[in-house]
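Secondary and tertiary structure notes
This is what each chain is made of:
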Amino acid sequence: NIKYWEIWNEPSDMNPGMWPAPFDQYLKLYETVATAIKAYDPSLKVGGPAVCNIGFTPVVPFLEYCRD
């Protein structure tokens, strides 16, 4: 009965403890997982990544990727 999904927490190549890969690999993971979740049930809400600060470097590239 989980309706809201967050895909990862603070993925950034600036913090290898949280995501030990380039950020573009996170974007590919996000697309794959979000697509699978929505294919399973389009009413589910998919969000992420969790970030500490809206000024956190990956926020803008993530939003642009989702938009495109």
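Parameters at a glance
Residues numbered from 1 in each chain as written. Predicted model: local features only at pLDDT ≥ 70, side-chain atom pairs only at ≥ 80, totals over all residues. Heavy atoms only, no water. Helix = DSSP H or I, 4+ residues; strand = E, 2+ residues; numbered from the N terminus. Buried < 20%, exposed > 50% of the residue type's maximum accessible area, 1.4 Å probe, protein only. Contact = heavy atoms within 4.5 Å. Areas by Shrake-Rupley, 256 points an atom, 1.4 Å probe, with all protein chains shown as cover. Phe/Tyr/Trp six-rings, centres within 6.5 Å; stacked < 30°, edge-to-face > 60°. Core = buried A, V, L, I, M, F, W, Y, C linked by side-chain atoms within 4.5 Å. pLDDT = per-residue confidence, 0-100. Axes fitted to C-alpha atoms, helices over the stretch in contact; angles between N-to-C directions. Parallel < 35°, antiparallel > 145°, perpendicular 65-115°, else oblique. Left-handed = near helix turned anticlockwise from the far one by under 90°. Nonpolar A, V, L, I, M, F, W, Y, C, P; charged D, E, K, R; others polar.

1. Details of the overall build of the chain
- Along the backbone of the chain there are two helices and two strands.
- Listed N to C, the secondary structure of the chain is β-α-β-α in terms of helices and strands.
- Looking at the chain residue by residue over its 68 residues, the buried ones come to 26%.
- Considering only contacts in the chain between residues 6 or more positions apart, those separated by 24 or more positions represent 57%.
- Element-wise, carbon and sulfur atoms account for 60% of the exposed surface of the chain, whose accessible area totals about 4800 Å².

2. Considering the packing of aromatic side chains
- Applying the stated criterion across every chain yields a total of four aromatic pairs.
- Summarising the aromatic geometry, the rings of Tyr26 and Phe62 are spaced 6.4 Å apart at their centres and angled 45° between planes, so their arrangement reads as tilted. In this pair, Tyr26 is assigned in helix α1 (residues 23-40) and Phe62 in helix α2 (residues 59-67), connecting sequence segments 36 residues apart. Judged on exposure class, the residue Tyr26 and its partner Phe62 are both buried.
- Linked through ring pairs, Phe23, Tyr26, Tyr30 and Phe62 together constitute an aromatic cluster.

3. Side note on the nonpolar core
- Residues Ile7, Trp19, Ala21, Phe23, Tyr26, Leu27, Tyr30, Ala34 and Phe62 constitute the largest nonpolar core, which totals nine residues.
- The dominant element in this core, judged by the number of residues it contributes, is α1, at five residues.
- Non-local contacts of Ile7, meaning those with residues more than four positions away in its chain, are made with Tyr26, Tyr30, Val33, Ala34, Val46, Gly47, Gly48 and Pro49.

4. What to know about the confidence of the model for the chain
- Put simply, the chain has an average pLDDT of 84, and 87% of its residues get 70 or more.
- For the chain, per-element mean pLDDT is lowest for α2, which scores 85, and highest for α1, which scores 93.

5. Side note on the packing of α1 against α2
- At a minimum axis separation of 11 Å, α1 and α2 run at an interaxial angle of 40°. Classified by the angle between their axes, α1 and α2 sit oblique to one another. Viewed along their axes, α1 and α2 form a crossing whose handedness is right-handed. Residues Phe23, Tyr26, Leu27, Lys28, Tyr30 and Glu31 of α1 lie in contact with α2, whose contacting residues are Pro61, Phe62, Tyr65 and Cys66.
- Taken together, the residues of the contact of α1 with α2 break down into eight nonpolar, no polar and two charged.

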